[in-house]
Structure formats: structure tokens, C-alpha cells
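Tertiary structure, described
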Amino acid sequence: MSDSRAWWKSAVVYQIYPISFFDSNGDGIGDLNGIHAKLDYLKDLGVDVLWLSPIYRSPLADMGYDISDYRDIDPRYGTLSDWDNLLKGVHDRGMKLMMDLVVNHTSDEHEWFVESKSSKENPKRDWYVWRPPRFDAAGRRQPPNNWRSVFQGSAWDYDEASEEYYLHLYVAKQPDLNWDNPDVRQAVWDLMNFWIDRGCDGFRMDVINLISKVEGLPDAPITDPDHEFQLASALFANGPRVHEYIKEMNRKVLSAHDLITVGETPFTHDASQLAAYVLPTNNELNMVFHFELMDLDSPRGGEHKPLIHRDWKLSEFREIIGRWQNFKRAEGFWNTTFIENHDHSRSVSRFGNDAEKWRALSAKMLAVLQISLGGTQYVYQGQELGLKNFPRSWGIEEYKDVASQNDWNRVLKQRTEADGKEVDMSDILDGFQRKARDHARTPMQWDATVHAGFTTGEPWMRVNDDYKTWNVSAQVQDSDSVHSFWKEALTIRKANDVLIYGDFVDLCPKHEQVFAYTRTLGNATALVLLNFTEDEVTLSLGSEQDWSTFQLVLVNLDAERQKVGLSEVVLLKGFEGRLFLKA
Ligand code: NOJ
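Please read these numbers as outputs of a predicted model, since none were measured by experiment. (Residues numbered from 1 in each chain as written. Predicted model: local features only at pLDDT ≥ 70, side-chain atom pairs only at ≥ 80, totals over all residues. Heavy atoms only, no water.)

1. Remarks on the overall build of the chain
- Within the chain one finds 18 helices and 22 strands.
- Radius of gyration (C-alpha) of the chain: 24 Å, near the 25 Å computed for a compact globule of 583 residues.
- Once the C-alpha set of the chain is aligned to its principal axes, its extents read approximately 75 × 60 × 50 Å.
- Within the chain, buried positions represent 61% of all 583 residues. (Helix = DSSP H or I, 4+ residues; strand = E, 2+ residues; numbered from the N terminus. Rg over C-alpha atoms; globule rule 2.2 N^0.38 Å. Buried < 20%, exposed > 50% of the residue type's maximum accessible area, 1.4 Å probe, protein only.)

Next up, the structure:
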């Protein structure tokens, strides 16, 4: 393996979703001063890098992933001087700050788009992707191709004044930039330098693998005949010039600095397609987020149905992890390790068991999994508390996300047209309760006071009902809490290079209940045993190692903590997770 070290490889990154983190001024919206107020909490947890989801000026059509000014802070979050102050607080504590770089698209309220839309002759017209309409046999105006927007409907919106369509892979308020235009690329390099010069330590790059679309923008094959518009990710993900552009970014911006860079690369489950972004010889990015694990509980097949749940097997889960852990290690491929972010529901509800009896235990078991895998660690706000999805009893009005709302309205319309007035949407709400992005976006639960101590005003989104018992204040005082477990787990990871750089071997790849693996680096070996079920399971480790020399260093069941020595046959209680080390 290649074990070249780097600070960003051993780093623990904590993702903050600013609108829901902490509100310092009582307007119901989290803000930069609120993040500043919680820096000691984050430092104490063991965080090295903060990644802020977007805090730039934005109409918040997609919660800030629609930027109208890259060089300013949205007034709801604060000011540039608040940002400077936050950065100072972060650096004073020996941490780093990473910004979200959203440059596949802008907001339609960005001045670049306003100019671009103003006329066909405007110098910025070509900064976005404009195309004339097509006309069908009956002479009706149609979009230039059949691509579907990720958030439903056509990926094109018509501008009456100039009689052309513009492309938006996400909502209509998120027009795609035309990266084939060198002026666009230069503008992106300039705005990156603006933040680097101000002191930011790196970037998470939103859907960076979508910036180059297939030439000619042809129709996508019809994989979903029931829909007017088709999934076209094969024509816009990892497109023909994407590596040329990221190499240029590296050459012109990144190479002069020691930054942390991570590309978000959805619609790609083929590891070899992602290698080029990451392999050191390619000079592009440090690492990428692939979504194979996060898509595990979505239906297979052509259509992407993120809000419908599919049952999964542990053998599928471990196969994905094993494949990526071992992927091109000799060539220096570096992984990201995450099981939560702002685009997915809570990990304890998806991969553990969020019933009261198992919730804390399974959240801790997932912590053992995460901290014992290779790759830079990404912990999402509230994950360290075992926060779970909000209840099924909440109605559609509590789902604020544009993706949820669009999906709901699409199905409602379909069913109303087909069946008349009495429309049953309960199955859709079932899916939302398990899968919607909204579950990760509820306000952070700080204490047992009103609105979980998140705000003194009216929170922009309802706080989860369980905040009186599941909150930071209760958990930091409780040595047996999920929070205390995470803190201990991160300390153990940082003290043991084998957990960061070791080679991964799955000990029983076909097992459907227990995920057992080793990590090895030089003479050091770590052994991890994770029971993903409620049942007690007996597991035989085989006789390849002298297991009696392994010491238990982390376990989520207190009673088991006392046991010393490990033998070939192990009994694991429901959702038990153990980490052993052999020195
Ligand atoms: C990925 C972001 O994580 C998500 O929240 C957003 O909706 C899309 N990209 C579009 O920017």
C-alpha cells in the first residue's frame, strides 16, 4: 500500500448545516456567530476541520446551494467580518475551516445570470447553457432535449423574452454554468482565491463531476417510459472535459496551497470512474464522496427514486465498504468515510435501529464502524448524539426541502388526475419518513429548554420531539452517552495509525449479521466486530491469528468492557460493536 501521510488524511471533519446549528440572535435561523459560540464544544469532541454548508448570499431555494453572490455572506447568517471572526476562533483552537464550493450552477438571482438572461447579445450569455426550443410534430414548443432535472420535471426552463431555454440540472432557480467558456473558469478560480486569501483551509466541491456535459446535449435513452423526461446522468456526470477542468483548477489555484479538497461525485458507482479525480499522479483533488453506500436503501434500476425505501442486506453493505477500502491503495487512492450528511436521513435510523431499546447502542456500533475504517472521517452535526429521523406522525408541512415538496406535489398531481378527489398519500409519507433529506436538517438539539436551546425565537424548522432527553447538555454530562462514546472513539482513532492507514480484510464476507474485519499496518493489527442485528450471534474467527493477544479497546456494552482475552469463538449481543488492537 501507499502510506504517504497528510494532515487531511488523519483529520476528523465535522459538517455544519448552518441554518440548523445554533441561532445567536433569536431570528430562528442558525448563524456564524452561533457557530462561533460552539467552537469549544467541537474542539472538545475531537474535531479538526469544520465544513460549512453554504453561507453565501442566496435566495435559499435549495438552502444555499443556489448562490447569488460568492463573495458575500447571506445577511441571515451574518457578515464577512463575522466570518473573519469565526475563522480566527477556529484557527485559535488549532482547527481548520472548509467552505462549500457550489459552482456547477449559481442562483438565477446571481448577477452573472441576470446579465446572461438579459439578451442573446450580452457578453455573459454564453456563461450559462442556452439552447433554442425544439418543436414536435404538432408544432408545439419543447425543451432542447429530454433530460430530467434531479428535482423533477424538465431540466430546461424557457425564457419568453429571448425565446431560448436554459439548462438547470437541479431546480429552475439553479441555472448551470457553462464550464466550456474559459471566462467562467477564470471567474471560479478568482472566487476560490478570494476565500483562500481570506484564510479558508479548503473546499468541499458540490456536484463537481457534473461540470462537463456531453457535447451536443443529446437526448437520454428512454429508461422510464412513464415519465416525459428521462434520467440523463450518463450524459452529464463525469463528462468529457471534467478532468481537464479540475486539472486546470489544481494548476491555477489549488497547487499553490496546502488545502483539504473533497469532490462530491454523485451518480457514479463505478470506482474506476472516480479514480482519476483522486490518484495523486493526476493532480486533481484529495478525495471524493461516492454515494454507493448512501444509495444502498434506494430502489435499484434505471430510475433514481431517493424517497422510496428498499431493504438491504449486510452482505451488500460490507461488499461496498470492502471494495472501496481496498480500491487502488498502492496507487494512493484515498477514501472519505461518512454515513451521514445533509442530503440523507439519519444513520441510526437507516443502518442501525432507532427504537428506544437499541438507539444508543446501534449509534455507538456505527461509530465503531466509522472510526475504524480507512479514509478521512466526516461526522455530520447531531450524528455524535445519535439523532434520529423525526416521527411518521409529522405531516408533509414539516418537510421544508424543495426535493421533498416537489416529489410530493408530483405524485399528488398524478394521483389526483387519475383518481379524483380522495387521494391516499400515506405510502409516500412512509417513504419520506425513512428517506427525506429533511431529517438531517432539523435544528441541533443543545439542551432540554424550549426549541432545544437552538433559538430563543421561532425555529425555521420544527425541532425533533425527543430533544428533552436527546441533547448535547444531557449527553456531555453522561459518560455512557453516544456523545461520550464518539469522543472516546475519536481519541482512539487519532492514537492509532493502523485505524487511519491500515490494510483492510473482511473476515467473513458472506455473513448477514456480523461485519468483522481487520486493519493491519506493520506489526499493528486492529480487529473490528459489529453485530448489525438485535439477535445474539456466535461468530467463529478462525485460527489464522492468535486472538488471545488482542486487547479490547472500545466496546458499546459496558458489561463486556471488563472482559479480557479473545478466543476463536465470540458471542456478540444485539448491536454490539467491539474494537481490539494487537500491538
Ligand atoms: C448536492 C448538495 O449536497 C445538495 O444539497 C444540493 O441540493 C445539490 N448538490 C445541488 O447543489
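2. Concerning the layout of surface pockets
- As a volume, the second largest pocket reaches approximately 310 Å³.
- In terms of lining residues, the second largest pocket is bounded by 19 residues, among which Trp8, Asn250, Glu284, Leu285 and Asn286 are the most central.
- When contributions to the lining of the second largest pocket are tallied by element, the ones reaching two or more residues are helix H1 (7-10) and helix H9 (271-278).
- Partitioning the lining of the second largest pocket into residue classes produces nine nonpolar, seven polar and three charged. (1 Å grid on protein atoms, 1.4 Å probe; cavity = no way out; pocket = protein on both sides within 12 Å on 5 of 7 lines; lining within 4 Å. Points joined across faces, edges and corners; volume = space filled by probe spheres on them. Nonpolar A, V, L, I, M, F, W, Y, C, P; charged D, E, K, R; others polar.)

3. Here's the deal with the nonpolar core
- Core analysis: the biggest nonpolar cluster contains 158 residues, and Tyr14, Trp83 and Met192 have the highest contact counts within it.
- Residue contacts for Met192: discarding those within four places in its chain leaves Leu101, Phe203, Met205, Met249, Val253 and Leu254.
- Within the second largest apolar cluster, 20 residues are counted, among which are Ala155, Trp156, Tyr165 and Phe236. (Core = buried A, V, L, I, M, F, W, Y, C linked by side-chain atoms within 4.5 Å. Contact = heavy atoms within 4.5 Å.)

4. Regarding the sheet that holds strand E20 (residues 551-555)
- Strands sit in the order E16-E17-E18-E22-E20 across an open sheet of five strands; the sheet is antiparallel. Because the sheet does not close on itself, it has two edges, and the strands there are strand E16 (503-506) and E20. Mean inter-strand twist for the sheet, computed between neighbouring axes without regard to direction, equals 20 degrees.
- In this sheet, strand E22 (residues 577-582) lies alongside strand E18 (residues 524-531) in antiparallel orientation, the contact comprising six bridges. When the bridges of E22 are listed, Leu527 appears paired with Phe580.
- The strands that helix H16 (residues 482-495) touches are E20 and E22; relative to E20, the one it contacts most, it runs at about 140 degrees. (Pairing = 2+ DSSP bridges. Axes fitted to C-alpha atoms, helices over the stretch in contact; angles between N-to-C directions.)

5. Re empty space enclosed by the protein
- One pass over the structure, following the stated rule, counts five cavities of 30 Å³ or more.
- Taken as a whole, the largest cavity holds about 190 Å³ of empty space.
- Lining the largest cavity are 14 residues, and of these His290, Leu293, Ile321, Thr336 and Thr337 lie nearest its centre.
- Counting residues per element, the ones that place at least two in the lining of the largest cavity are helix H10 (314-325), strand E14 (336-337) and helix H12 (356-371).

6. Digging into the sheet that holds strand E1 (residues 12-16)
- The strand order E13-E12-E11-E5-E2-E1-E15-E14 describes an open sheet built from eight strands, whose pairing is parallel. Every interior strand has two partners, whereas the edge strands, strand E13 (287-289) and E14, have only one.
- Sheet analysis places strand E11 (residues 202-205) next to strand E12 (residues 260-264), joined by four bridges and oriented parallel. In the sheet register, Gly202 faces E12, and the bridge partner there is Ile260.
- Against the sheet, helix H4 (residues 80-92) engages strand E2 (49-52) and strand E5 (96-101), with an angle of about 135 degrees to E5.

7. Side note on the packing of aromatic side chains
- If you walk through the whole model with that rule in mind, you get 43 aromatic pairs.
- Taking 5.1 Å as the distance between ring centres and 80 degrees as the angle between the ring planes, the aromatic pair formed by Phe21 and Trp446 counts as edge-to-face. Separated by 425 residues along the polypeptide, Phe21 in the loop between E1 and helix H2 (32-37) and Trp446 in the loop between helix H14 (426-435) and helix H15 (472-476) bring together distant segments of the chain. Both residues of the pair, Phe21 and Trp446, count as buried.
- Taken together, a centroid distance of 5.1 Å and an interplanar angle of 45 degrees make the contact between Trp547 and Phe550 tilted. For the pair Trp547 and Phe550, a shared accessibility class is recorded, and that class is buried.
- Taken together, the ring pairs connect Tyr56, Tyr70, Trp83, Trp112, Trp127, Phe194 and Trp195 into an aromatic cluster.
- Sitting over the ring of Trp470, Arg359 keeps its end group 3.6 Å from the ring centre. (Phe/Tyr/Trp six-rings, centres within 6.5 Å; stacked < 30°, edge-to-face > 60°. Lys NZ or Arg CZ within 6 Å of the ring centre and 35° of its normal.)

8. Looking at the site of the ligand
- Near the ligand, the surroundings consist of 14 residues, among which Asp62, His105, Asp206, His342 and Asp343 are the closest.
- Within the side chain of Asp62, a nitrogen or oxygen atom sits 2.5 Å from an oxygen atom of the ligand.
- Here an oxygen atom of the ligand and a side-chain polar atom of His342 are 2.8 Å apart.
- When isolated, the ligand has an accessible area of 300 Å², and the protein chains bury 98% of it.
- Split into classes, the residues belonging to the shell around the ligand amount to four nonpolar, three polar and seven charged. (Near = heavy atom within 4 Å. Polar contact = N/O pair within 3.5 Å; in protein donor to acceptor, adjacent residues only side chain to side chain. Areas by Shrake-Rupley, 256 points an atom, 1.4 Å probe, with all protein chains shown as cover.)

9. Observations concerning H10
- Here H10 contains 12 residues, and its C-alpha end-to-end distance of 16 Å stays within 8% of the 16 Å for a straight helix at 1.5 Å per residue.
- In terms of burial, H10 is a largely internal element, nine of the 12 residues being buried.
- When we look at burial in H10, the residues that qualify are Leu314, Ser315, Phe317, Arg318, Ile320, Ile321, Gly322, Trp324 and Gln325. (Expected span 1.5 Å × (residues − 1).)

10. Description of the packing of helix H8 (residues 242-252) against H9
- Between H8 and H9, the shortest axis-to-axis distance is 10 Å and the interhelical angle comes to 25 degrees. It follows that H8 is roughly parallel to H9 by the angle criterion. Residues Val242, His243 and Ile246 of H8 touch H9, and the partners they reach there are Gln273, Ala276 and Tyr277.
- A per-class count over the contact of H8 with H9 returns four nonpolar, two polar and no charged. (Parallel < 35°, antiparallel > 145°, perpendicular 65-115°, else oblique.)

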